Amino acid sequence: MALLQLEKDRLVWRARQVTGPDQRRQSSFYANLDAHLQGGWPQTGLVELACGLSGIGELRLLFPLLAQSHTRLQIWINPPAQLNGQALAQHGISLSKTLLIRSQSPQHALWSAQQSLNSGCCSHLILWANSLTAPQAKRLQIAAKDNQALIFWLHPQAKPSTSALPVSARLSLAPLATGLHLQVHKYQGQWPQHPCQVDMHALWPSLAMPAVVPKPTPTLRRHITLVGVNAHKLQ
Amino acid sequence: MQWLYLHFSSLQLDSLLYQQAYHQACVLVDKNQVVQANAEALQMGIKTGTGLAHAALLCAQIKVVAYDAKKEHRLLSQLAQCLYQTSATFYLDPPQGLLLQTSDMLRLYEGIEGYWQQLQHPLIERGLNYHYASAHSPLAAKVLAYAGNDRLLKHPRQVHRLLSQLSIQHALLDPKLALQLERLGLNTLGQAQALPKSALGQRLGKTLVTYLHQLEDTSAPAKPAYQPPERFRQRLELLYEIEHSSALRFPLKRLLTDLEAFLAPRQLRVAGLSLGLNYREHEAQKMHVGCNDGEYRAEAWLSLFLLKLEQLRLPAPIIAISLTTKGQMPWAPLSAQLFEPTQGKLTTGQLISRLQSKLGDHAVQQVYLRDDHRPERSFYQGMPQSHYPSQQATTFLRPSLLFTLPQALHHKPDQHWCMLSGPERIQSGWWDNVNICRDYFIARNPYGQVCWLFRTPTQGWFLHGYFS
Amino acid sequence: MTSLQVESPGVNYAELHCLTNFSFLRAASHPHELLQRACELGYTALALTDECSVAGVVRAYQYKKEHGLKIQLIIGSEFSLQPHQPEAHERLIVLAKNRQGYAQLCRLISLARSRCEKGKYQVNSHDFDDLSECILIWNPHPNSPDELGSLLSAKYKKNLWVGCHRRLSALDQRQHAHCQAIADRYDLPLVALGQVIMHCPTRQMLHDTLTAIRIGMPVHACGYALQANREHSLRTLDKIAKLYPAQWLQASVTIANQCHFCLSQLSYEYPSELVPNGYDANSYLHHLVEQGKGIRFPAGVPHDIALIIDKELKLIASEGYAHFFLTVYDLVQFAKRQQILYQGRGSSANSIVCYCLEITAVDPRQIQVLFERFISKERSEPPDIDVDFEHQRREEIIQYIYQKYGRHRAALAATVITYRFKSAVREVGKALGISLPQLELFIKNVDRKDHHNTWHEQLKNLGLDSQSHVGQCFLELVESLQGFPRHLSQHVGGFIISAGPLSELVPIENASMAQRTVIQWDKDDLASLALLKVDVLALGMLSAIRRALNMVQHHHGRKLSLADITRMDDDSNVYEMLQQGDSVGVFQVESRAQMSMLPRLQPACFYDLVIQIAIVRPGPIQGDMVHPFLRRRAGKERVEYPSKEVQAVLERTLGVPIFQEQVIKLAMVAANFSGGEADRLRRAMASWKRHGELEQFHHKLVDGMMSRGYELAFAERLYQQILGFGEYGFPESHSASFAVLTYASAWLKYHYTAVFYCAILNSQPMGFYSASQLVQDARRHGVEVLPVCINKSEWDHRLETTPNLELALRLGLRQVKGVNKENIQSLLEQRPKQGFTDLLQVQALPYTKGMLECLASANALNCFSGHRYQARWQLLDNHQDLPLLREVREAHPETLQGPNNLETLREDYASLRLSLEQHPIALLRNAGLLKGCLATSQLADKAHQSLVTVAGLVTGRQRPGTASGVTFITLEDETGNTNLVVWQGTARAQKKAYLNAQILKVKGILERDPESNVIHVIAGKLIDCSHLLEQLKVTSRDFH
């Protein structure tokens, strides 16, 4: 019985199991990010994203990936505000496959995450949690891998957790005028690399800073920017 | 054979008024015509068949409700369920009638009067208006009941006499046929009956002849008699008192096994179960467990119950448990996109049930869209549905995270902010009195967050969400 | 609306894209509201650009003229290449630069409309080929393909602009960038557009409601179909200046400066084919009038008449109206050739020229029509002639017009159908999600004639929670939706005929009736633009008179025309008959109100009839003009005139203003109204119900009259009368034209009574009375009426010579319910000379059993079956359908009992709508069920103020708008009709009997007018006796 339980919790390795980490990748649909991560996000496992603040583009980083997957559930656990269905749908995310879970306690959140992964009907899970312990991370990692799922763990610290935590990838994000500054701290056994910039201007031109808008071509000079202080005080 | 017909001439209206104790003129209207009227309305000179306009002239303060045949049918079934306690064999005759076979009941109640006494109770209790008649044939009973006969006739002779005096207009014939008869000077049923059936048939068609035959036909209608709905309901008195919830597992399993045995041969599943817990010296409790796409297996239900029972603390020892079902459905698998089983482990529905059992029903939700310019009303979170409605999203750029309550900014956005777009003015919502007037801007704050801000006409600034 | 000065100095802007509520359900303001507001805001110009329509521009033009607004009005129209999806596609705005451009625009609209059913249109990009004199503004949509760009820019280099709107939407930037890109690609200038759909922001609520009505969903479910904000309104120049670059605004003014077209440039060109070679229009008219003199005045034209004719012809020539008279002349000549009876009316119709042209039969010697009013020179308004034709033959005239002038030159005017109270309640209610039965209850129960309770209050009493938010919205929205145009319908008979293609004058669109086209302007709009129209109307009485004249010729050998009857001297016998109130079936004076006025007014000559017709109208009644007139006529009151001018206007009506013309003239001479003001007053009178425009004249009128020394009471009375005229104004000339028909019909009734009733019965349905009432009246006048019979009746009612050589009226088979004319006529063709002898003979003919059953029910087969039950029984037998069995009769056919009196009555009414048997009241009386009730004929002997009990069938319930709270009920018994007056209180207290009774017993006070002997019964106690018939059925059955 005890052995069985240990085995279930992956604390005991059996020879017949596939050895070595899963090296398969899936595209993030950001060309330079894919190049930087040698093919994109891991196929399965737990990815830690240290965001610092909300609203810097952390979800836009994931939207192109999520928009590609319509077969299984995408489960969001404890987002810091209401998930705007209009925005999700605009970005191509299938709301019929989106499930939202809110839990009273961090334990329940982790329990839900594990149940969801283990059910086998979830392909992506986005979890907001301040911290994870090593066993918790391990359990999520295994549940994700066993069920062909990818879990993004977002937290508000600017710095990532300690390297002791068993995750597939560990990244920290910071805002840029045109997108995100991304530091990879760990990526499935690769060595940490120099930072990378994710350009979101092409996908969300109106959310980029005007300073980096390409200079208007001469023929467009008659164009007058409508956005300006003069329009602020309309009656 | 002996038949009794009950005609509830204002079933829907009576039920409506009985619940609400309404004492003013009230009518049900179908296609601008009064179909049912209460006593107060009748008093004002309003009758069935009165046009709505005319009714309104007669009584300006009249309350008008739309007639709904479906609703009335449902009421009739409910009534039938209740009458099933006193009568064994009877037939629904929607929308307003019940036909009871009385012969068998007479022995039981020692005569028709005794039976009638019993039968009337629930009708009176529910404040129903009804007319009745008994006769040797179902049709004769019905015709006489509709004519407001209100008598228990024992001899066919009496029935014949009353029928023959009945005006053709009240004989429940097709109105066209009734008119045809009248225009031959045949004003009563008796006058028509006096003519040779063959001569009538030659001229007025088979329907009339069949009708005349049926008036004499004592046999039961060619449809199944009323059957109460089959629902599982079982109570289990415990042999011993249980003090810990974990000990409930075994008796519960027994009930669930019975349930499975009940459902399986009927090819049924149920969407929810209600477990009644009867305590010694404490008020009984009920515990509900649901499984959205239906389940019949004892094992599956047990695992759901156990999750709930874990959290249960017993206020007193349990002496009995009972199980009732809700939402019976056929076995056939649903074709819902959300609930397709994947990877052979759990279906989505099962996952949702499991999560809800532990976290509460409202902790697991889906996001639905709504067409509304007002941002907070353009989507909502609700219980997962097996059929997700297909909807179009707006083309206006919207933030992915939206605050339930906009947060007031203490300072106006200054030069450290960067305005990216706007204003987008949203001024809408007069119809439900939640009118908003806001100028929205997309702006980047000094920390690099892309914010959705709005300004109100009083120049107050609010943060409403992030383009995360 | 008070004039608000909110101009911004230095900013010039012309709004070039603005829809009015004539873009049905898309915009939420009236044309004049938009123009007024744009003017207040200081806009340089406003272009009204309704979707594929110019239907609203005349209203705006008229308003601008009347109020002297200093804003340029540009006429244009908006087109969309996919008009069936009102959102999300590009639009093209076409503005008329000049008269030619306007013609091009009208042509384009007509073309696009002609491709589709009523209310829709379809344009292709190639339709924009021929718009050289128009400005085109292209308002592109970001998602649209830009093939239109290459097409248009190749064609219209100078006149094409890219229009960009800014409405504070999230899509503004995209829209802007797109417009800019297109402008760059094709090197086109940009201009600012407002996309205006309401004149002020507060109309958003109404606009959302209109959207909900358009898409057929409640407002709360309309979502993004609604506008997100209120920026589609006319905005202040300050704001406009902030929103658009200055050069775009400048561009709008530049465009406006290029548009010079004004509706005043439209002038009407008459069809020329009516003038034969060798003549011009005037000389030909002269010629025709000369001819006509010979017909109308065989004994020579009296000198004074000849002078007037000359005066009229001069006026016609100087105003250039000869063509118009020739056009009408041509129509009536056609009618005359086809033997279609007609009668002209309208302000010009009763001129002597029209009498000579045979447009009217009013003999000028019999009336004193004011000739100076014939064509009003100062008003430069076109002459007005309406022609009534026999109602069943008007279509022939219409087809003649189409055939003569062609569909491209002749079309019907439109009637703008607007939201009225009921439709507004229904549509707004649905939009707010109020349940349908509730709305029906509101609609059916609100009494618009109730002057004591506004409809707001009545709705509250009906259970509308006016405190609730929805309740408040509902009241407000219903209020503002009323008067909004809903759709264009075809005018009853207003034709416009032009020399060139009509579509260059005004767009033409399809009507819902197949093969009919209407122009986009209402009849009133035509009048404001001084465009000529000919009203081709239908009148049932003309059909009846035509029939009567034919019968007189056939049975009495006397050939008569309308003019023949009027040319004879006034017949005192005819007037005596009318003085008794014996006027059932007589044109215009058969209503109950008219009938009770006849004995008081005692008309004795033709002009008395003219007054009689005009006086019993809401106007004179509301203005309390009737009683003074009666008193003065009876010599009980002196006729005094406050001034000489007033005397000139009012002398012929004894100092009491009765006709509409008199009121207008009074406003001019007594209150110093200018010609133009009087003209506005006249038009406001015609439309005050819709716009409430009369109020503005109140002060001017009263003050004007007081300052000239008139009494306040007189002035107020005049104003009250103007209000009354608003609803049913009656000009003298119309009255005179009608009086001709009144006299002719009364003349026929007196001299050829049987003929008269026969003709009236054959012209049903028309008039106030049912066939049953007409037959009873005929019998009371001694006309023998014979029942329908398959062997003796024809389709129509006809006259039959009885054995004692009298003319009797044989009811025709047309009276039988459920049969059609063709089948009956073919049956009659196969009738043997001696008639059918056997039912089988009739059954053998190939007619449906249904038709024969109807004949049997009507007792038309009485001649061979004994009674109708037996006939029906025999007809129903299926076996006789088999040819072999036809001859085999049933050995012992059942004999059915025949109908009793009551059943006979019931069958008669059911199958013929009338009975020649005993009256139901007589049956009840004979059965002793009406003890104590007097018959109508007995009332004559009762004294004034005596207490009486009467009973009768309720044949009429009338609540005239003028008599507040009174209902007139007509009770019919076997001896005649009793007039019952029920006061509101009486009715309210006894609602059930008052509303439900078919047979009513009344205890009341008899009132007798001492001079006229007119009798009323003032109702006290009302008793519903309808059940007595049932009782009769039971008792009578017991006799058998």
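Please read all numbers here as calculations on a predicted model, not as lab measurements.

**Q** Help me understand the sheet that holds strand β22 (residues 1015-1024) of chain C in this model?
**A** Sheets are built from strands paired through backbone hydrogen bonds, the pairs being either parallel or antiparallel. Residue and element names in this part refer to chain C. Spatial strand order, β18-β19-β20-β22-β21: five strands in a closed barrel with mixed pairing. Ignoring which end each strand starts from, the neighbouring axes of this sheet average 55° apart. Where strand β18 (residues 947-958) meets strand β19 (residues 967-973), five bridges bridge the pair, whose relative direction is antiparallel. The residue of β19 that forms the bridge with valine 954 is leucine 971.

**Q** Could you clarify how one ought to interpret the state of the cysteines in this entry?
**A** By definition, a disulfide links the sulfur atoms of two cysteines through a covalent bond. Residues and elements named next belong to chain C. The full count for this structure, using the stated rule, is zero disulfides over all chains. In this structure cysteine 52 is not part of a disulfide, and its nearest cysteine sulfur, from cysteine 116, lies 8.8 Å away. In this structure cysteine 262 is a free cysteine whose sulfur lies 12 Å from that of cysteine 259, the closest cysteine sulfur available.

**Q** So what exactly am I meant to see when it comes to the environment of C:Ala55 here?
**A** Residues and elements named next belong to chain C. With respect to the helices and strands, the residue alanine 55 is situated in the loop between β2 (45-51) and α2 (57-67). Judged by relative accessible area, which is 1%, alanine 55 ranks as buried. Between the C-alpha atom of alanine 55 and that of tryptophan 983, which follows or precedes it by 928 residues, the distance is 46 Å. Contact partners of alanine 55, with chain neighbours within four places excluded, come to Phe22, Leu488, Gln520, Trp521 and Asp525.

**Q** Help me understand the pairing of strand β5 (residues 134-139) of chain C in this model?
**A** Most of β5(C) is tucked away: six of the six residues are buried. Burial along β5(C) is two-sided: C:Cys134, C:Leu136 and C:Trp138 and C:Ile135, C:Ile137 and C:Asn139, pointing in opposite directions, are all buried.

**Q** When you look at the side chain of C:Ser643 in this model, what are you seeing that I'm missing?
**A** Assignment of secondary structure puts C:Ser643 in the loop between α25 (626-633) and α26 (644-650). Within the structure, C:Ser643 has its side chain in polar contact with the backbone nitrogen of C:Val646 (distance 3.2 Å).

**Q** What should I look at first to understand the side chain of C:Asp571 in this one?
**A** Tracing the backbone through its elements, the reader meets C:Asp571 in the loop between α20 (562-567) and α21 (572-579). The side chain of C:Asp571 is buried and forms no salt bridge, while C:Arg558, the nearest opposite charge, is found at 8.2 Å.

**Q** Is there a simple way to explain the packing of aromatic side chains in this structure?
**A** Between two aromatic rings, the relevant description is the distance of the centres plus the angle of the planes. Within the structure shown, the criterion is met by 38 aromatic pairs over all chains. Ring plane angle 85° and centroid distance 5.2 Å describe the contact between C:Phe587 and C:Phe738, whose orientation is recorded as edge-to-face. With C:Phe587 in the loop between α21 and α22 (592-601) and C:Phe738 in helix α31 (residues 732-751), the pair connects residues that are 151 residues apart, well separated along the chain. We classify C:Phe738 as buried; its relative accessible area is 7%. Between C:Trp747 and C:Tyr752, the aromatic rings sit 5.9 Å apart at their centres with planes inclined by 55°, giving tilted as the arrangement. Each of the two residues, C:Trp747 as well as C:Tyr752, counts as buried. These aromatic residues form a ring-pair network of at least three members: B:Phe8, B:Trp116, B:Tyr130 and B:Tyr132. One residue, C:Arg407, lies across the ring of C:Tyr402, its end atom 4.0 Å from the ring centre. Above the ring of C:Phe673, the side-chain terminus of C:Lys700 is found at 5.1 Å from the ring centroid.

**Q** What exactly am I supposed to notice about the confidence of the model for chain A here?
**A** Atom-level detail of predicted coordinates should not be read off regions where pLDDT is low. Residue and element names in this part refer to chain A. Per-residue pLDDT for chain A averages 81, and the proportion of residues at 70 or more is 78%. Note on residues 6-20: pLDDT is under 50 here. Beyond four places in sequence and across chains, it has 10 contacts. Between residues 212-232, whose pLDDT stays under 50, and residues either more than four places distant or in other chains, the model counts 28 contacts.

**Q** What am I meant to see in the interface of chain B and chain A here?
**A** Interfaces are often sized by the amount of accessible area the parts lose when they come together. Listed per partner, the contact involves 58 residues of chain B and 58 residues of chain A. Together, B:Leu401, B:Arg444 and B:Ser468 form the three largest contributors to the area buried by chain B at its contact with chain A, with a combined 11%. On the surface where chain B and chain A come into contact, there are zero salt bridges. Across the contact surface, chain B and chain A share 22 residue pairs in polar contact (both at pLDDT 80 or more). Here the residues of the side of chain B that touches chain A are counted per class, giving 31 nonpolar, 18 polar and nine charged. Pairing analysis gives two bridges linking strand β6 (residues 98-101) of chain A to strand β13 (residues 364-369) of chain B, with the strands arranged antiparallel. Directly across from A:Leu100, in β13(B), lies its bridge partner B:Gln365.

**Q** Can you help me understand the nonpolar core in this one?
**A** Soluble, globular proteins show a tendency: their nonpolar side chains are buried together. All names here are of chain C. Judged by nonpolar contacts, the single largest core of 135 residues is most densely connected at Phe79, Leu263, Phe325 and Trp521. The element contributing the most residues to this core is helix α11 (residues 322-337), with 10 residues. Looking at which domains feed residues into this core, each of domain 1 (14-265) and domain 2 (281-416 + 489-539) gives three or more. With 103 residues, the next largest nonpolar core counts Leu601, Ala746, Val775 and Leu811 among its residues.

**Q** I tried to follow the sheet that holds strand β1 (residues 3-7) of chain B on my own but got confused; where do I start?
**A** Residues and elements named next belong to chain B. If you walk across this open sheet you meet the five strands as β5-β6-β1-β7-β8, and the pairing is mixed. If you trace the sheet from one side to the other, it starts and ends with β5 (90-93) and β8 (151-152), each paired once. Both β5 and strand β6 (residues 97-101) contribute to a ladder of four bridges, which runs antiparallel. When the sheet's bridge partners are listed, tyrosine 91 is paired in β6 with leucine 99.

**Q** Looking at this structure, how should I read the domain arrangement of chain C?
**A** When cut into domains, chain C gives domain 1 (14-265), domain 2 (281-416 + 489-539), domain 3 (420-482), domain 4 (553-736), domain 5 (752-912) and domain 6 (920-1039). Each of domain 3 of chain C and domain 6 of chain C has a C-alpha centre, and the two are 35 Å apart.

**Q** Sorry, what's going on with the packing of helix α7 (residues 138-146) of chain B against helix α8 (residues 156-165) of chain B here?
**A** To describe two helices that pack against each other, one gives the angle between their axes and the distance between the axes. Residues and elements named next belong to chain B. Relative to each other, α7 and α8 sit at 55°, their axes nearing to 11 Å. In terms of orientation, α7 and α8 fall into the oblique class. Regarding α7 and α8, the two cross each other, and that crossing is left-handed. Packed against α7, whose contacting residues are Ala140, Val143 and Leu144, the element α8 presents Val159, Leu162 and Leu163 at the interface.

**Q** How should I be thinking about the pattern of salt bridges in this particular structure?
**A** Two side chains bearing opposite charge may form a pair once their charged atoms approach each other closely. Tallied over the entire structure, the rule returns 56 salt bridges over all chains. With a closest N to O distance of 2.8 Å, B:Arg425 and C:Glu231 form a salt bridge. Here B:Arg425 is found in strand β16 (residues 418-428), whereas its partner C:Glu231 is found in the loop between α6 (204-215) and α7 (237-243) on a different chain. Here B:Arg425 matches C:Glu231 in class, with each residue buried. Note that C:Arg393 is salt-bridged to C:Glu396, the shortest N-O span being 3.0 Å. The exposure class of C:Arg393 is partly exposed, given its relative accessible area of 22%. Assessed through its relative accessible area of 31%, C:Glu396 is described here as partly exposed.

Thresholds applied
- Residues numbered from 1 in each chain as written.
- Chains lettered and ligands numbered in written order.
- Predicted model: local features only at pLDDT ≥ 70, side-chain atom pairs only at ≥ 80, totals over all residues.
- Heavy atoms only, no water.
- Pairing = 2+ DSSP bridges.
- Helix = DSSP H or I, 4+ residues; strand = E, 2+ residues; numbered from the N terminus.
- Axes fitted to C-alpha atoms, helices over the stretch in contact; angles between N-to-C directions.
- Disulfide = S-S within 2.5 Å.
- Buried < 20%, exposed > 50% of the residue type's maximum accessible area, 1.4 Å probe, protein only.
- Contact = heavy atoms within 4.5 Å.
- Polar contact = N/O pair within 3.5 Å; in protein donor to acceptor, adjacent residues only side chain to side chain.
- Lys, Arg positive; Asp, Glu negative; His and termini not counted.
- Salt bridge = Lys/Arg side-chain N within 4 Å of Asp/Glu carboxyl O.
- Phe/Tyr/Trp six-rings, centres within 6.5 Å; stacked < 30°, edge-to-face > 60°.
- Lys NZ or Arg CZ within 6 Å of the ring centre and 35° of its normal.
- pLDDT = per-residue confidence, 0-100.
- Buried area = accessible area lost by both parts, 1.4 Å probe.
- Nonpolar A, V, L, I, M, F, W, Y, C, P; charged D, E, K, R; others polar.
- Core = buried A, V, L, I, M, F, W, Y, C linked by side-chain atoms within 4.5 Å.
- Domains from an automatic or database assignment.
- Parallel < 35°, antiparallel > 145°, perpendicular 65-115°, else oblique.
- Left-handed = near helix turned anticlockwise from the far one by under 90°.

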